[in-house]
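# A closer look at the structure
Each chain, letter by letter, is given below.
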Amino acid sequence: DVKVTQSSRYLVKRTGEKVFLECVQDMDHENMFWYRQDPGLGLRLIYFSYDVKMKEKGDIPEGYSVSREKKERFSLILESASTNQTSMYLCASSFRTGNYYGYTFGSGTRLTVV
Amino acid sequence: DQQVKQNSPSLSVQEGRISILNCDYTNSMFDYFLWYKKYPAEGPTFLISISSIKDKNEDGRFTVFLNKSAKHLSLHIVPSQPGDSAVYFCAASLNTGNQFYFGTGTSLTVIP
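Nothing here was measured: the structure is a model prediction, and the numbers come from that model. (Residues numbered from 1 in each chain as written. Chains lettered and ligands numbered in written order. Predicted model: local features only at pLDDT ≥ 70, side-chain atom pairs only at ≥ 80, totals over all residues. Heavy atoms only, no water.)

### Side note on the overall build of chain A
For chain A, the helix and strand inventory stands at zero helices and twelve strands. For chain A, the N- to C-terminal ordering of α and β elements is β-β-β-β-β-β-β-β-β-β-β-β. What you see for chain A is a C-alpha radius of gyration of 14 Å, in line with the 13 Å of a compact globule of 114 residues. The principal-axis extent of the C-alpha atoms belonging to chain A is close to 45 × 30 × 25 Å. (Helix = DSSP H or I, 4+ residues; strand = E, 2+ residues; numbered from the N terminus. Rg over C-alpha atoms; globule rule 2.2 N^0.38 Å.)

Laid out in structure tokens, this is it:
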């Protein structure tokens, strides 16, 4: 089974701090994604990457950046954390097996910015 | 603009009865659909999928129905169990399968 590992389950950071959220997948998948989940808003795509050093903006990239230096690792960076970035952050890796495809998600990081 | 919509934020069902979760989409080019289940403080887990060449896919207690003309899909859970209580997300993709568009989720509560 593909494993997507997010380094922290819970984080509390102060306003203005630089925050790094790490995600690692172990199946050599090319495509990786960062979403945030908020009540009533569902899963919103922040950034995604199709390959090493490649990145694409999703629907809500403002206030975020990403880094993909190695294929297995996709990092989300909050340059200067703000309280409206308090959320559940979900990393995903996409798989394709024959005619079946989808995402495998990590366990999520609950970030609170105070 | 939300391309995948789940208009019911919540649903309560008695244990043993059928749960029906609905999902609508606007892009007629979507050709592959997924349902995910999410418990609090955990990542979503894959539940069931359906390709646009089918109108039904079944896996145990879970069945997904696709009505392409209405741009509507639904997830049926029969019989519902308390452990099914979770948030359910539907998702859709174009033929590349590289990116999925998610609905806002429906919180299902199965009452014992």
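Let us keep going from here.
### Some thoughts on the interface of chain B and chain A
Taken residue by residue, the interface counts 22 residues in chain B and 24 residues in chain A. Where chain B meets chain A, there are zero salt bridges. For the interface between chain B and chain A, the tally reads six residue pairs in polar contact (both at pLDDT 80 or more). (Contact = heavy atoms within 4.5 Å. Salt bridge = Lys/Arg side-chain N within 4 Å of Asp/Glu carboxyl O. Polar contact = N/O pair within 3.5 Å; in protein donor to acceptor, adjacent residues only side chain to side chain.)

### Quick word on the sheet that holds strand E8 (residues 72–77) of chain B
If you walk across this open sheet you meet the five strands as E1-E3-E8-E7-E6 (chain B), and the pairing is antiparallel. Looking at strand neighbours, the two that pair on one side only are strand E1 (4–5) and strand E6 (56–59) of chain B, the edges of this open sheet. (Pairing = 2+ DSSP bridges.)

### Remarks on the pattern of salt bridges
All names here are of chain A. Inspection of the entire model under this criterion finds nine salt bridges over all chains. Across the pair Asp38 and Arg44 runs a salt bridge whose closest N-O atoms are separated by 2.9 Å. For Asp38, a relative accessible area of 10% gives the class buried. Overall, Arg44 belongs to the partly exposed group, its relative accessible area being 24%. Overlapping salt bridges, with partners in common, bring together Arg36, Asp38 and Arg44 in one network. (Buried < 20%, exposed > 50% of the residue type's maximum accessible area, 1.4 Å probe, protein only.)

### Description of the state of the cysteines
Going through the model one piece at a time under the given rule, you end up with two disulfides over all chains. The disulfide that involves Cys23 of chain A links it to Cys91 of chain A, with 1.9 Å between the sulfurs. The sign of the S-S torsion, about -75°, decides the handedness of the disulfide formed by Cys23 of chain A and Cys91 of chain A: left-handed. Residue Cys23 of chain A is found in strand E4 (residues 23–25), and its partner Cys91 of chain A is found in strand E10 (residues 87–97); the two are separated by 68 residues along the sequence. We classify Cys91 of chain A as buried; its relative accessible area is 0%. Two residues share a disulfide in this structure: Cys23 of chain B and Cys90 of chain B, whose sulfurs sit 1.9 Å from each other. (Disulfide = S-S within 2.5 Å.)

### A look at the nonpolar core
Formed by 23 residues in total, the largest nonpolar core has its most connected members in Phe33, Trp35, Leu73, Leu75 and Tyr88 of chain B. When residues of this core are traced back to their parent elements, those giving at least two are strand E3 (19–25), strand E4 (32–38), strand E5 (45–51), strand E7 (62–67), E8, strand E9 (86–93) and strand E11 (106–111) of chain B. Broken down by element, this core gets its largest block of residues, four residues, from E9 of chain B. Excluding residues that lie within four positions of it along the chain, Phe33 of chain B makes contacts with Tyr25, Ile48, Ser49, Ile50, Leu66, Leu73, Ala91 and Ala92 of chain B. Residues Cys23, Met32, Tyr47 and Leu76 of chain A belong to the second largest nonpolar core, which totals 20 residues. (Core = buried A, V, L, I, M, F, W, Y, C linked by side-chain atoms within 4.5 Å.)

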